[in-house]
Amino acid sequence: DITVGHQKQNISMELQESSNDIMFTERSLVNSLTVTLFDRAIGLDFKKSDKNWSAQAGIYGDSITANKNNGATAATTAGEGFSASTRVTIAPINTPNEVIHMGGFAGYRVTNGQGEFNDVGSSFSYETTHMSNLKWTDTGTIAKAENATMVGLELAAMHGPFSLQGEYVKAKIQRENSLSSLDFDAFYVQAGWTLTGESRTYKGSDGEFKRLKPKRKFQAGKLGLGAFELAARYDQNDLTDRDIHGGSEKRATLALNWYLNENVRLMVDYSRSFDLKGSPVTKLNGGQPDNIDILTFRTQWAF
């Protein structure tokens with residue numbers, strides 16, 4: 001397959017999976033690194049795959065977002081950034097009820113003329129919930145950022161109604177004028193259990209899980225309650241290195257999802273962030289926040 005246009009760059013199993021399909025209302029803390037560098041961009045992607053494996057490589061410019069500055073001189077022109085990435089996955093076991101998934105990815109991105117990664121700036125952070133603007137970990141703008149490299153590993157398994165999934169990501173940010181490079185990392189481990197017995201849907205040619213399909217749809221006054229799914233996740237990130245103090249965070253999340261049918265589901269997540277260190281958010285007395293509890297609800301209609 002050859003894909004041209006504005007698209008997801010081939011980095012991270014979790015980033016590739018649609019928000020319509022993941023088990024939680026928000027992506028993991030790995031997203032604090034992947035989304036800045038390798039979210040959607042205009043590019044050219046090559047993919048070769050079969051039922052149990054996939055291999056991708058692509059080259060990309062920046063996001064389709066308009067340049068913030070497009071002056072006439074080199075000092076004021078935003079220019080165009082560049083990235084290249086690759087991802088390989090294999091599923092040595094891949095049946096409707098059993099899956100073993102292994103994958104790896106790597107990427108390289110250069111800032112544009114204004115020192116931004118993919119037209120979104122040069123900061124790395126994690127927003128507690130979509131559009132909350134509350135970020136327990138946040139590097140702020142990293143001055144003189146020049147390029148970034150990222151590597152990551154993926155592992156996943158499924159046996160009937162039970163599934164496991166995890167990723168580890170490491171990013172290195174190179175800076176101009178002989179400034180020291182920066183190393184950040186993040187990971188997550190998650191487990192899911194479909195209480196009504198269904199298995200998750202896995203697509204080996206994409207190396208990712210798709211949405212759960214209930215055996216019996218919910219219909220008022222008739223037999224069938226849909227599918228219920230219980231999920232738990234532990235994740236953490238570290239966005240502090242040398243002179244950049246973005247903080248580090250650990251978090252545990254518990255989720256309950258009700259799939260009424262293939263198109264509608266109700267979701268509730270409870271998460272606790274703890275052991276925050278170097279967070280830019282502080283209490284009134286200047287101390288670090290601790291044991292922050294967040295409850296989120298989501299109603300989804302996807303078609």
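Before any of the text, the structure's been laid out above.
Okay, so let's go over this structure.

Thoughts on the overall build of the protein
1) Next: Secondary structure assignment for the protein yields two helices and 16 strands.
2) Next: Against the globule reference of 19 Å for 303 residues, the protein gives a C-alpha radius of gyration of 20 Å, in line with a compact fold.
3) Next: Taking the principal axes of its C-alpha atoms as reference, the protein extends roughly 70 × 55 × 30 Å.
4) Next: Sequence-distant contacts in the protein: of pairs separated by 6 or more residues, those separated by 24 or more amount to 65%.
5) Next: Side-chain charges of the protein comprise 32 positive and 35 negative groups, with the mean position of each set lying 5 Å from the other.

Side note on the nonpolar core
1) Next: Core analysis: the largest hydrophobic core is formed by 21 residues, its most contacted members being Leu 33, Phe 124, Met 150, Ile 173 and Phe 184.
2) Next: Put simply, the parts of the chain that give this core at least two residues each are α2 (31–38), β8 (145–159), β9 (162–175) and β10 (182–194).
3) Next: The biggest single contributor to this core is β10, with four residues.
4) Next: Beyond its immediate sequence surroundings of up to four residues, Met 150 is in contact with Ile 11, Leu 33, Thr 34, Leu 37, Phe 38, Phe 105, Ala 106, Gly 107, Val 169, Lys 170 and Ala 171.

Digging into the pairing of strand β5 (residues 98–110)
1) Next: Only one face of β5 is buried, namely the one carrying Val 99, His 101, Gly 103, Phe 105, Gly 107 and Arg 109, since none of Glu 98, Ile 100, Met 102, Gly 104, Ala 106, Tyr 108 and Val 110 on the opposite face is buried.
2) Next: Taking the residues between adjacent antiparallel strands as the criterion, strand β4 (residues 82–94) and β5 are bridged by three residues.
3) Next: Across 13 bridges, the pairing between β5 and β8 is antiparallel. The partner of Phe 105 across the bridge, within β8, is Gly 152.

Overview of the packing of aromatic side chains
1) Next: Enumeration over the complete set of coordinates arrives at eight aromatic pairs.
2) Next: Plain terms: the ring middles of Tyr 202 and Phe 209 are 5.2 Å apart, the flat faces sit at 65 degrees to each other, and that makes the pair edge-to-face. Comparing Tyr 202 with Phe 209 shows no difference in burial state: the two are buried.
3) Next: Ring plane angle 40 degrees and centroid distance 5.0 Å describe the contact between Trp 301 and Phe 303, whose orientation is recorded as tilted. Of the two residues, Trp 301 and Phe 303, neither departs from the other in class, the shared state being exposed.
4) Next: Aromatic rings pair up to connect Phe 117, Phe 124 and Phe 184 into one cluster.
5) Next: When the ring centre of Phe 209 is taken as reference, the NZ or CZ atom of Arg 200 above it lies at 4.1 Å.
6) Next: The positively charged end of Arg 233 is found above the aromatic ring belonging to Phe 24, 4.3 Å away from the centroid.

Considerations on the sheet that holds strand β3 (residues 53–60)
Strand pairing in a sheet relies on backbone hydrogen bonds. The paired strands run either parallel or antiparallel.
1) Next: Strand order in this open sheet of 12 strands is β1-β2-β3-β4-β5-β8-β9-β10-β13-β14-β15-β16, and the pairing throughout is antiparallel. Since the sheet does not close on itself, it has two edges, and those belong to β1 (2–7) and β16 (292–301), each with one partner. Across the sheet, the mean angle from the axis of one strand to that of its neighbour is 15 degrees, orientation sign disregarded.
2) Next: Judged from the 12 bridges that link them, β9 and β10 form a sheet pairing that is antiparallel. Bridge assignment links Tyr 168 to a residue of β10, and that residue is Phe 187.
3) Next: Along the sheet face, α2 touches β4, β5, β8, β9, β10 and β13 (227–241) and points at about 125 degrees away from the line of β8.

Quick word on the pattern of salt bridges
1) Next: A complete count under the given rule lists 15 salt bridges for this structure.
2) Next: Of the charged contacts, one joins Asp 206 and Lys 210 as a salt bridge, the two residues approaching to 3.4 Å between their closest N and O atoms.
3) Next: Using a relative accessible area of 15% as the deciding quantity, one classes Asp 206 as buried.
4) Next: On the basis of relative accessible area, Lys 210 is assigned to the partly exposed category, the value being 23%.
5) Next: Sharing partners across several salt bridges, the network here consists of Lys 47, Lys 203, Asp 206, Glu 208 and Lys 210.

Here we look at the side chain of Glu 249
1) Next: Turning to its location among the elements, Glu 249 is positioned in strand β14 (residues 244–259).
2) Next: It turns out Glu 249 is buried and unbridged, and the closest side chain with the opposite charge, Arg 251, is 4.9 Å from it.
3) Next: Of note is the side chain of Glu 249, whose polar atom sits 2.9 Å from the side chain of Ser 273.
4) Next: Leave out the neighbours within four places in its chain, and Glu 249 touches Leu 29, Trp 136, Thr 137, Asp 235, Gln 236, Asn 237, Ser 273, Phe 274 and Leu 276.

Quick notes on the side chain of Thr 296
1) Next: Assignment of secondary structure puts Thr 296 in strand β16.
2) Next: Among the polar contacts listed, one links the side chain of Thr 296 to the side chain of Thr 25, at a separation of 3.0 Å.
3) Next: Among residues more than four places away in sequence, those in contact with Thr 296 are Thr 25, Thr 129, Met 267, Val 268 and Asp 269.

The rules we used
Residues numbered from 1 in each chain as written. Predicted model: local features only at pLDDT ≥ 70, side-chain atom pairs only at ≥ 80, totals over all residues. Heavy atoms only, no water. Helix = DSSP H or I, 4+ residues; strand = E, 2+ residues; numbered from the N terminus. Rg over C-alpha atoms; globule rule 2.2 N^0.38 Å. Contact = heavy atoms within 4.5 Å. Lys, Arg positive; Asp, Glu negative; His and termini not counted. Charge placed at Lys NZ, Arg CZ, Asp CG, Glu CD. Core = buried A, V, L, I, M, F, W, Y, C linked by side-chain atoms within 4.5 Å. Buried < 20%, exposed > 50% of the residue type's maximum accessible area, 1.4 Å probe, protein only. Pairing = 2+ DSSP bridges. Phe/Tyr/Trp six-rings, centres within 6.5 Å; stacked < 30°, edge-to-face > 60°. Lys NZ or Arg CZ within 6 Å of the ring centre and 35° of its normal. Axes fitted to C-alpha atoms, helices over the stretch in contact; angles between N-to-C directions. Salt bridge = Lys/Arg side-chain N within 4 Å of Asp/Glu carboxyl O. Polar contact = N/O pair within 3.5 Å; in protein donor to acceptor, adjacent residues only side chain to side chain.

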